[in-house]
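Inside the fold
So you can see what is in the structure, the chains are spelled out below.
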Amino acid sequence: MKQYEDKELLEQIQKFIEQLSYTHEPENLYKPIEYVLGLGGKRIRPVLMLLAYNLYKENVESIYQQAAALETYHNFTLLHDDLMDNADMRRNRPTVHKKWDENTAILSGDAMLILSFKMMMEGCSAEYISEVTETFSKAALEVCDGQQWDMDFEKRLDVTVNEYMNMICLKTSVLLAASLRIGAILGGASQTDADLLYNFGIKMGLAFQLQDDYLDVYADSSVFGKNIGGDICSNKKTFMLITALEKSAGNEKDELLKWIEAEDFNPEEKIKAVTQIYNNVGVPDICMNKINSLYNEGLEILEKVSVEESLKNNLRQFTGKLMKRVL
C-alpha cells in the first residue's frame, strides 16, 4: 500500500483547495471566502485526516473534499476570531472585516460554516455519514465552547491550570482529534482505532497549544515569524501566566499583579519584567515538562492503533515536525 508523506499530501490538498470555486452571485458573500482560503496556512487538519485515512487505504484523493471541508471550517473560526479580537492582519494580509467590513465578515463566516458541513456530507459514503457528521458537529460545537471559555477567562484572575487545559482542549485539540477520527472512519478503521486516533489528536493538540504559549515568550522572533511577548502584553491567560500566578508569592506576586493591572506601560519593559518572574518561579521548565509529557502520552496511544508500526511512521514524523518547530 502506498504511503504518502505529509509534504505530498499538503501539496495535493493545497491544489484541490485552490481549484475549488467558491465564487458565484452574490460576489460580496463568496469573494471573502475565497480570499480567506487563499491566505495559505499549514493545512494541518486536512493533512492529519489524510494521514489517518492512509493508515488503512491508499486512495487519499477520494476524501479530498472532506479534508477541504475541515480546512473551510477551521478558516471560518479564524475569520470570526479575527472579528472578535478586532485583529488587523492575518498571515500578513488584512483581515476580512478590515478589507471589507464587519457585517461581511459575519455573513461570509456563516456561509463558510454551512459550506463546510455541505462539503463534508456530499460524497460521503452512506455507511459512514452518520458517524462522520456526529464527529464533525460535536467538534464544531466544542470549538465554540472553547472560544467562549477563552473570552470568559479574559475577565478573571483566578483561572486554574485545569480550567485552562479544558479550554484549549475544546478550542484547539478537538478539531485536530476529529480530523484524525474522520480520516480513520472513512478509511474503514475499527471503532477502537478511530477512538485511539482521536485521543492521540487530543494529546498532540494540547502539546501544540502549550508549545505556542512557550514560544510566545521564549522563541527567537526572527525564526518564530511573529513578535515575542504578545501574550504578556495582552495579559492573555496562558499556561505560563496561570502557572506564574499560582507559583509566585510575596513581592514577586505583587509585581506580577502590578504589571497585569497596568494600563499604561512600556511593552519591552513589561515583557522583560514578567519573563524574569516566569524564570524565577520555574515556569519554563514546568511548561516544557508538560509539553513533553503530553507528546509522549500521545505517542503511546498511537502505538496501540492496530496497524503495522511502519504504517504509522509518516503520522509520527508529521507530528514530530510540528512539535520541533523552532524550540
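Report follows, based on the coordinates. These figures come from a predicted structure and were not determined experimentally. (Residues numbered from 1 in each chain as written. Predicted model: local features only at pLDDT ≥ 70, side-chain atom pairs only at ≥ 80, totals over all residues. Heavy atoms only, no water.)

Here we take up the overall build of the protein. The secondary structure content of the protein amounts to 16 helices and two strands. Here the C-alpha radius of gyration of the protein, 21 Å, is about what a compact globule of 327 residues would show, namely 20 Å. Oriented by its inertia axes, the alpha-carbon framework of the protein measures out at about 60 × 50 × 35 Å. Put simply, of all contacts in the protein between residues at least 6 apart along the chain, 73% involve residues at least 24 apart. (Helix = DSSP H or I, 4+ residues; strand = E, 2+ residues; numbered from the N terminus. Rg over C-alpha atoms; globule rule 2.2 N^0.38 Å. Contact = heavy atoms within 4.5 Å.)

All right, on to the packing of helix α8 (residues 161–186) against helix α12 (residues 239–247) then. Axis separation between α8 and α12 bottoms out at 10 Å; the angle between their running directions is 170°. Classified by the angle their axes make, α8 and α12 are roughly antiparallel. On α12, the residues touching Val161, Tyr164 and Met165 of α8 are Phe239, Ile242, Thr243 and Glu246. Looking at side-chain class alone, the contact of α8 with α12 contains five nonpolar, one polar and one charged residues. (Axes fitted to C-alpha atoms, helices over the stretch in contact; angles between N-to-C directions. Parallel < 35°, antiparallel > 145°, perpendicular 65-115°, else oblique. Nonpolar A, V, L, I, M, F, W, Y, C, P; charged D, E, K, R; others polar.)

A separate point is the environment of threonine 77. Structurally, threonine 77 is set in helix α4 (residues 64–85). Judged by relative accessible area, which is 12%, threonine 77 ranks as buried. Taking the C-alpha atoms as reference points, threonine 77 and aspartate 6, separated by 71 residues in sequence, lie 24 Å from one another. Side-chain polar atoms of threonine 77 contact the backbone oxygen of histidine 74, separated by 2.5 Å. (Buried < 20%, exposed > 50% of the residue type's maximum accessible area, 1.4 Å probe, protein only. Polar contact = N/O pair within 3.5 Å; in protein donor to acceptor, adjacent residues only side chain to side chain.)

Look at helix α6 (residues 102–121): 29 Å from first C-alpha to last across 20 residues, which is about the 28 Å you get at 1.5 Å a residue. Restricting attention to buried positions, one finds in α6 the residues Thr104, Ala105, Ser108, Gly109, Ala111, Met112, Leu115, Ser116, Phe117, Met119 and Met120. Contact partners of the buried residues in α6: α2 (27–37), α4, α5 (96–99), α7 (129–153) and α8. Among the residues of α6, the N-terminal cap falls to aspartate 101, whose side-chain oxygen and the backbone nitrogen of asparagine 103 are separated by 3.3 Å. (Expected span 1.5 Å × (residues − 1).)

As for its placement among the helices and strands, aspartate 213 is situated in helix α9 (residues 191–218). Buried aspartate 213, no salt bridge; nearest opposite-charge side chain is lysine 236, N-O distance 7.3 Å. Contacts of aspartate 213, omitting those with residues within four sequence positions, involve Tyr164, Thr238, Phe239 and Met240. (Lys, Arg positive; Asp, Glu negative; His and termini not counted. Salt bridge = Lys/Arg side-chain N within 4 Å of Asp/Glu carboxyl O.)

Here we come to the nonpolar core. Tyr164, Met165, Leu186, Leu197, Tyr278 and Leu315 are the most contacted members of the largest nonpolar core, which has 116 residues in total. Tallying contributions element by element places α8 first for this core, with 16 residues. Apart from residues lying up to four places away in sequence, leucine 197 is in contact with Leu55, Tyr56, Leu180, Ala184, Leu302, Val305 and Leu315. (Core = buried A, V, L, I, M, F, W, Y, C linked by side-chain atoms within 4.5 Å.)

Below, the discussion takes up α4. Look at α4: 31 Å from first C-alpha to last across 22 residues, which is about the 32 Å you get at 1.5 Å a residue. Of all 22 residues in α4, 19 are buried; the element is thus mostly enclosed. The first or second residue beyond α4 is asparagine 86, which carries a positive phi of 55°.

Time to look at the packing of α9 against helix α16 (residues 313–324). Where α9 contacts α16, the two axes come as close as 10 Å, and the packing angle between them is 15°. With respect to their mutual orientation, α9 and α16 come out roughly parallel. The chirality of how α9 crosses α16 is left-handed. Side by side, α9 and α16 meet where Leu197, Phe200, Met204, Ala207, Phe208 and Gln211 of the first sit next to Leu315, Thr319, Leu322, Met323 and Lys324 of the second. (Left-handed = near helix turned anticlockwise from the far one by under 90°.)

A few words now on the pattern of salt bridges. Enumeration over the complete set of coordinates arrives at 16 salt bridges. Of the charged contacts in the structure, one is a salt bridge between aspartate 195 and arginine 181, with a shortest N-O distance of 2.9 Å. Here aspartate 195, found in helix α9, pairs with arginine 181, found in helix α8; they are 14 residues apart in sequence, far enough to count as distant. The exposure class of aspartate 195 is partly exposed, given its relative accessible area of 30%. For arginine 181, a relative accessible area of 10% corresponds to the buried category. When salt bridges that share partners are traced, they join Glu131, Arg181 and Asp195 into one network.

Time to look at the side chain of histidine 80. Structurally, histidine 80 is set in helix α4. A polar atom in the side chain of histidine 80 sits 3.5 Å from the backbone oxygen of alanine 105. For histidine 80, the side chain forms a polar contact with the main-chain oxygen of isoleucine 106, separated by 3.3 Å. Once residues lying within four places of it in the same chain are set aside, the contact partners of histidine 80 are Ala105, Ile106, Gly109 and Asp110.

Let us look at unusual backbone geometry. Across residues other than glycine, the phi torsion is negative in most instances, and most of the peptide bonds are trans. In this structure, asparagine 92 takes a positive phi of about 65° despite not being glycine. Tracing the backbone shows asparagine 92 in the loop between β1 (89–90) and β2 (93–94). The class for asparagine 92 is exposed, based on a relative accessible area of 72%.

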